[in-house]
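Structural characterization, general
One-letter residues, chain by chain:
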Amino acid sequence: MQDLLDNALARIGAAQTDEELEAVRVEVLGRKGVLAQLSKDMGKLTPDERVARGKFINASKQALETAYDQKKSVFDRAALAKRLDSEWMDLTVPAAGVPPGSLHPVTQIQWEIEDLFRSMGFTVLDGPEVETEFHNFDALNIPADHPARDMQDTFWLDGGQGGAGGYLLRTHTSPVQVRGMEKLGPPLRMIAPGRVFRNESVDASHEHTFYQLEGMMIDREVSVGHLIYFMKTLLTAIFKKDVTVRLRPGYFPFVEPGFELDIRCLICGGAGCPVCKQSGWVELLPCGLVNPHVLRKSGIDPAEWNGFAFGLGLTRLVMMRYAIDDIRWLQSGDLRFLRQF
Ligand code: PHE
């Protein structure tokens, strides 16, 4: 019997594969195996023999199971290592074939201007694209019956123009002036870039959706000199070269006096092209000193405070800087266009 046990232990030790090991297990420890057979035969033995046989069986079983478990775990570990090797992957390798995107040219220039104005103490504000009629018009000194409303073709929301209770897609970023004054009060230095909407027919220089960047400064003694200083700083930073500008009177009900700051067209150099409507000049920066009515409507005393405001045509500025000759490219989503930036 001892031979039997030694032999089985030796075979377990010598097993080279999982299958060989399993075969020994079935043969010795299995339900119809050698040990099972030995216990079955116990009935034929004397009580003394039976005790000895029982001890032998238990000890053998333990020894065999230990040997089996040890060997089995060696095979299991080897199998696991093999599997790990074949299924291994490096999670730190960057994904292949995803081309990196880039910022839209409007966003790039917007961020540049934000940095510039922040460095001069201005706060960057955001306002809603769906605006109240009050913020877009009335608070800016453009009452419902005023012809100045016709300057901006408006997308009205359901319910339409209704005293000061209607909603619309904002036609300019100027309502953020009002929100800035309401929320922050004087003294105030703010800019507000954003998307605006006009119900216009689309051509090379007009889109129904475009970008402006509003600016406003309110303090104790603000003059046109301050306004021109900031405008020049802005244009020099963006174009990185001298641009020819002209200032002419402009009418906006929320500024007094009001100006149009034009730049010599950088697409055609002033010779005339579709972007400058053959005039050689591009309207870029309407601006002026804030109308006292507007200050008063937002709870600011015009006897104590005054200020300037401007409404930069951000989309136009982008077109001038990159010599883009058709505004429709900007919203086209055309990758051939976008990949250039
Ligand atoms: N909001 C005006 C427009 O879109 C521009 C403007 C802004 C004019 C600020 C003066 C001051 O036409």
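This text goes with the structure placed above it.
As the structure is a prediction and not an experimental result, all values here were calculated from the model. (Residues numbered from 1 in each chain as written. Predicted model: local features only at pLDDT ≥ 70, side-chain atom pairs only at ≥ 80, totals over all residues. Heavy atoms only, no water.)

Some thoughts on the packing of helix 5 (residues 105-119) against helix 10 (residues 314-322)
In a packed pair of helices, the relevant descriptors are the angle between the two axes and the axis-to-axis distance. Definition in use: In this description, a line fitted to the C-alpha atoms serves as the axis of each element, helices being fitted only across the stretch in contact, and the angle between N-to-C directions of two axes falls anywhere from 0 to 180 degrees. Secondary structure follows DSSP: runs of H or I at least 4 residues long count as helices, runs of E at least 2 residues long count as strands, and numbering of each begins at the N terminus. Any angle from 65 to 115 degrees is called roughly perpendicular, while one under 35 is roughly parallel, one over 145 is roughly antiparallel, and all others are oblique. The criterion used for residue contact is that any of the two residues' heavy atoms lie within 4.5 Å. The classification used treats Ala, Val, Leu, Ile, Met, Phe, Trp, Tyr, Cys and Pro as nonpolar, Asp, Glu, Lys and Arg as charged, and all other residues, Gly among them, as polar.
Viewed as axis vectors pointing N to C, helix 5 and helix 10 meet at an angle of 105°, and their least axial separation amounts to 10 Å. What the angle tells us is that helix 5 and helix 10 run roughly perpendicular. The segment helix 5 lies against helix 10, with P105, V106, Q108, I109, Q110, E112 and I113 engaging L314, L317, V318, R321 and Y322. Among the residues forming the contact of helix 5 with helix 10, the class breakdown is eight nonpolar, two polar and two charged.

Looking at empty space enclosed by the protein
Applicable threshold: Cavities and pockets were defined on a 1 Å grid built from protein atoms only: a cavity is a group of points that admits a 1.4 Å probe but offers it no way out, a pocket is an open group of points flanked by protein on both sides within 12 Å along at least five of seven lines, and a lining residue is one with an atom within 4 Å of any such point. Grid points are joined across faces, edges and corners, and a volume is the space filled by probe spheres set on the points.
Evaluation of the coordinates by the stated rule reveals two cavities of 30 Å³ or more. Estimated volume of the largest cavity: approximately 50 Å³. Elements with a contribution of two residues or more to the lining of the largest cavity: helix 1 (2-14), helix 3 (34-40) and helix 4 (47-87). Its residues assigned to classes, the lining of the largest cavity shows ten nonpolar, one polar and no charged. Within this model, the second largest cavity holds a volume of roughly 40 Å³. Together, I142, A148, M151, Q152, H172, F252, P253 and F254 line the second largest cavity. When its residues are assigned to classes, the lining of the second largest cavity shows six nonpolar, two polar and no charged.

Some words on helix 1
What counts here: Each residue after the first adds 1.5 Å to the expected span of a helix. Relative accessibility thresholds used throughout: buried, under 20% of the residue-type maximum; exposed, over 50%; partly exposed, between the two (1.4 Å probe, protein chains only). It is the directions from the helix axis to the C-beta atoms whose arc is reported.
Taking 1.5 Å of rise per residue, 13 residues should cover 18 Å, and helix 1 covers 18 Å from first to last C-alpha, within 8% of that figure. What helix 1 keeps buried is the set L5, A8 and I12. Along the long axis of helix 1, the arc covered by the buried residues comes to 65°, so they all point the same way. Looking at the buried side of helix 1, the elements it contacts are helix 2 (18-29) and helix 4.

Thoughts on the nonpolar core
Rules: Nonpolar cores are built from buried Ala, Val, Leu, Ile, Met, Phe, Trp, Tyr and Cys residues. Side-chain atoms within 4.5 Å join them into one set.
I113, F117, L235, F239, F310, L312 and L317 are the most contacted members of the largest nonpolar core, which has 43 residues in total. Mapped onto this core, the elements with two or more residues apiece are helix 5, strand 5 (209-219), helix 8 (224-239), strand 7 (255-264), strand 8 (281-290), strand 9 (306-313) and helix 10. Counting residues per element, this core draws most heavily on helix 8, at seven residues. For F310, the contacting residues outside a window of four places in its chain are F117, I191, L213, E214, G215, M231, L285, P286 and C287.

Observations concerning the side chain of Q177
Mapped onto the fold, Q177 is located in helix 7 (residues 175-184). Discounting residues that sit within four places of it in the chain, Q177 has contacts with L140, M190, E214, M216, F254 and A309.

A short note on the environment of R53
Relative to the assigned elements, R53 resides in helix 4. As a C-alpha pair, R53 and L38 span 15 residues in sequence and 8.0 Å in three-dimensional space. Not counting residues up to four positions away in its chain, the partners in contact with R53 are M1, L38, D41, M42 and L45.

Description of the site of the ligand
Put simply, the rule reads: Proximity criterion: a residue is near a molecule or strand once any of its heavy atoms comes within 4 Å of it. Under the rule applied, a polar contact is a pair of N or O atoms within 3.5 Å (in protein, one hydrogen donor and one hydrogen acceptor; residues adjacent in sequence only if both atoms are side-chain atoms). A 1.4 Å probe and the Shrake-Rupley method give the accessible areas. Residues count as covered only by the protein chains that appear here. Think of it this way: if more than half of a molecule's atoms are within 2 Å of a pocket's grid points, that molecule is in the pocket or cavity.
Within the structure, the ligand sits among 15 residues, and H172, S174, R198, Q212 and G311 are positioned closest to it. Contacts to the ligand include Q212, whose side-chain N or O atom sits 2.9 Å from an oxygen atom. Protein chains shield 95% of the accessible area of the ligand, which is 320 Å² for the free molecule. In this structure, the ligand is accommodated by the largest pocket. Elements represented by at least two residues in the shell around the ligand include exactly strand 5, strand 8 and strand 9. Considering every element that reaches the shell around the ligand, the biggest residue donor is strand 9, with three residues.

Some points on the packing of aromatic side chains
The criterion, for reference: Under the pairing criterion, centres of Phe, Tyr and Trp rings, with the six-membered ring standing for Trp, must be within 6.5 Å; the plane angle then separates stacked pairs below 30 degrees from edge-to-face pairs above 60, leaving the rest tilted.
Scanning the entire structure with this criterion turns up eleven aromatic pairs. Judged by centre distance (6.0 Å) and plane angle (45°), the rings of F252 and F254 are tilted. Given the relative accessible area of 14%, F252 is considered buried. One aromatic cluster is present, built from ring pairs that chain together F117, F122, Y229, F230, F308 and F310.

Side note on the side chain of E214
Which entries qualify depends on this criterion: None of His or the chain ends enter the tally, which takes Lys and Arg as positive and Asp and Glu as negative. Note on definitions: salt bridges are taken to be side-chain nitrogens of Lys or Arg within 4 Å of carboxyl oxygens of Asp or Glu.
Considering the arrangement of structural elements, one finds E214 in strand 5. Although E214 is buried, it forms no salt bridge, and the closest oppositely charged side chain is R170 at an N-O distance of 8.4 Å. Among the polar contacts listed, one links the side chain of E214 to the side chain of T173, at a separation of 2.7 Å. Here the side chain of E214 touches S174 through a polar contact of 2.8 Å, side chain to side chain. With near-sequence residues (within four places) excluded, E214 lies in contact with T173, S174, Q177, M190, I191, A192, F310 and G311.

What about the pairing of strand 6 (residues 245-249)?
The criterion, for reference: Strand pairing is defined by DSSP finding a minimum of two bridges between the two strands.
Of the strand pairs in this sheet, strand 6 and strand 7 are connected by five bridges, and their pairing is antiparallel. Bridge pairing in strand 7 places V245 opposite I263.

A closer look at the pattern of salt bridges
Within the structure shown, the criterion is met by 20 salt bridges. Of the charged contacts in the structure, one is a salt bridge between K72 and D18, with a shortest N-O distance of 3.2 Å. Remark: D18 occurs in helix 2 and K72 occurs in helix 4; sequence separation between them is 54 residues. Between R328 and D326 there is a salt bridge; the shortest N-O distance is 2.8 Å. In this structure R328 comes out as partly exposed when scored by relative accessible area, which is 38%. By relative accessible area, D326 is classed as buried at 17%. Each of R246, R248, D262 and E283 takes part in one network of salt bridges that share partners.

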